[in-house]
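Observations on chain architecture
Each chain, written out:
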Amino acid sequence: MIWLSWRQFRTQAIVAGSVLAVLAILLLSTGFGLAHLYHVSGLAGCQAKHSCHNALALFSSGLRGSVYEFVFYIAIGLIYLGPALIGAFWGAPLVAREVETGTLRLAWSQSVSRSRWLIVKIAMLGLAGMAMTGLLSLMLYWWSQPAYEAAALARPDTGLSISRLTPLLFGTNGVAPLGYAAFAFAVGLAASVLIKRTLPAMAVTLAIVGLVLIAWPNWVRPHLITPVQSTVALRAQSVEGLSISSHAISLIVGANRPSSWVLSDMAVNSAGRPYTGPPTHACAAVSQSYQDCINSIIALHLKEAISFEPASRFWALQGYEAGTYLLLAVVLAAACTWWINRRRLA
C-alpha cells in the first residue's frame, strides 16, 4: 500500500519537494546576509531601546525595498498557500480520481480492506503535507530571527514594530502551520468523498480552506484566550492622528507594546466611553497648531483603553489553534472512513 500510494502521488510530492528546495536555497542564501546586516548595524551589542536608535535606523533602511523584504513576503505567502494546495492537489483527488477512472472497485476487491486502503493513504499523505509545511515554517523562523530581535528593541515610529502574534505572522510560526496542513488535507478528503469529482472537489477545498484561514484570525483567535484589558492615562506620544468636524473629534491612538497583539486601542473619557469631542478651542481654532490641539486634548485627562494579547501567550494560542485544527482534521478523516465503509461510492 505504501509503495502504491507513492506511485500514485509521486508527481505531487516531487513538485512540492522541488518548491521547498528552491525556497530553502533562497532563504539560506539571503539568511546569512540578513544576519550580517543585523551585526554590522550594531544591534547585536544593544541592550536597551534608548541606545539602539541609530542601529535600528541602519537596519531598517537596509530592509525596506530590499530583497530581504521580498523573500520574507514570498515565504509568508507560501506558508499560507501551501495547506490549501495540499488539500486541493493531495486530498481532493484521493477518492474522486479513483471514482472517475473506475479503479475504485478494483482497489477494494483486493486483499486490502477499504479502511486500510484509506488509512494508509491518509497517514502517508497527511503526515507528508504536515512535515513539508512544518519545514517551511522552521526555515522562515530561522531566517527572520534577526528581524524579530530588532523589532523587540524598536519603537513604533521605526517601522520595525512587528510581532509574531499579529494575524499576518502568527500562522507562519510555531505549530499552527501543522494544524492548517492537516485540516486542509482533511477538507480535501471530505470534498473528494462527497463530491466524487476531482475538479469540483479541488475548487470547493480551495474555497473552504481560504475562507477559514481568512475568517479565523478575525473572528475566532481573539476569543481563544480572554484578552488583557488595560487603562492608562493618555499621553501625547500615543496620539497618532485625529479627525475634526464642527461638533466631534476622532482620535487615532497606538499603544507601544512590542511583541504583543493589540486588538483595540481607543481614547475614553472618565465614564469609560469612547471620546468623541466636542473639539477643544485649540483644535477648533484655525490659528492654533497641531501640537496645541494635542496638548489641549491631553489636558482633558482622558484615558487610553487597550485590549491586547501579551507576547507570553504566544505558545498557548499556538497550542489552542493547532489543537483545534488537528481535532477537526481527525473528525473529518474518521467521518470519511465511516462513510466509505458504509456507503457505495461508485
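Residues numbered from 1 in each chain as written. Predicted model: local features only at pLDDT ≥ 70, side-chain atom pairs only at ≥ 80, totals over all residues. Heavy atoms only, no water.

1. Observations regarding helix 8 (residues 176–195)
Helix length check: helix 8, at 20 residues, gives a terminal C-alpha distance of 28 Å against a target of 28 Å (1.5 Å per residue), a fit within 8%. Among the 20 residues of helix 8, 17 are classified as buried, and the element is accordingly described as predominantly covered. Of the residues flanking the end of helix 8, it is Lys196, one or two places downstream, whose phi is positive at about 65 degrees. (Helix = DSSP H or I, 4+ residues; strand = E, 2+ residues; numbered from the N terminus. Expected span 1.5 Å × (residues − 1). Buried < 20%, exposed > 50% of the residue type's maximum accessible area, 1.4 Å probe, protein only.)

2. Describing the sheet that holds strand 1 (residues 228–233)
Adjacent strands of a sheet form backbone hydrogen bonds with each other and so pair up, either parallel or antiparallel. Reading across the sheet, the three strands line up as 1-5-4 and stay open at both edges, with antiparallel pairing between neighbours. Either end of the sheet is taken by a strand with one partner, and the two such strands are strand 1 and strand 4 (261–268). Direction aside, the axes of adjacent strands within the sheet are offset by 20 degrees on average. Sheet topology places strand 4 next to strand 5 (residues 303–309); seven bridges connect them, and they run antiparallel. Bridge pairing links Asp265 to Ile306 in strand 5. (Pairing = 2+ DSSP bridges. Axes fitted to C-alpha atoms, helices over the stretch in contact; angles between N-to-C directions.)

3. Structural notes on the state of the cysteines
A covalent bond bridging the sulfur atoms of two cysteines is what the word disulfide describes. For the structure shown, the criterion picks out one disulfide. Paired by a disulfide, Cys283 and Cys293 hold their sulfur atoms 1.9 Å apart. Linking Cys283 and Cys293, the disulfide has an S-S dihedral of approximately 90 degrees and is accordingly described as right-handed. Linking Cys283 in helix 10 (residues 281–284) with Cys293 in helix 11 (residues 290–298), this pair joins segments that are ten residues apart in sequence. (Disulfide = S-S within 2.5 Å.)

4. Comments concerning the environment of Val71
Looking at the element boundaries, Val71 is found in helix 3 (residues 67–91). Sequence-distant contacts of Val71, defined by excluding residues within four places in its chain, comprise Leu26, Leu27, Thr30 and Trp143. (Contact = heavy atoms within 4.5 Å.)

5. Examining the packing of helix 6 (residues 114–151) against helix 8
Where helix 6 meets helix 8, the closest approach of the two axes is 8 Å, and the angle between their N-to-C directions is 145 degrees. In the crossing of helix 6 with helix 8, the sense of the turn from one axis to the other is right-handed. For the pair helix 6 and helix 8, the contacting residues are Leu118, Lys121, Ile122, Leu125, Gly126, Gly129, Met130, Thr133, Gly134 and Ser137 in the first and Pro177, Leu178, Ala181, Ala182, Phe185 and Leu189 in the second. Residue classes in the contact of helix 6 with helix 8 are distributed as ten nonpolar, five polar and one charged. (Left-handed = near helix turned anticlockwise from the far one by under 90°. Nonpolar A, V, L, I, M, F, W, Y, C, P; charged D, E, K, R; others polar.)

Interpretation note: all reported values are geometric properties and have no functional meaning in isolation.
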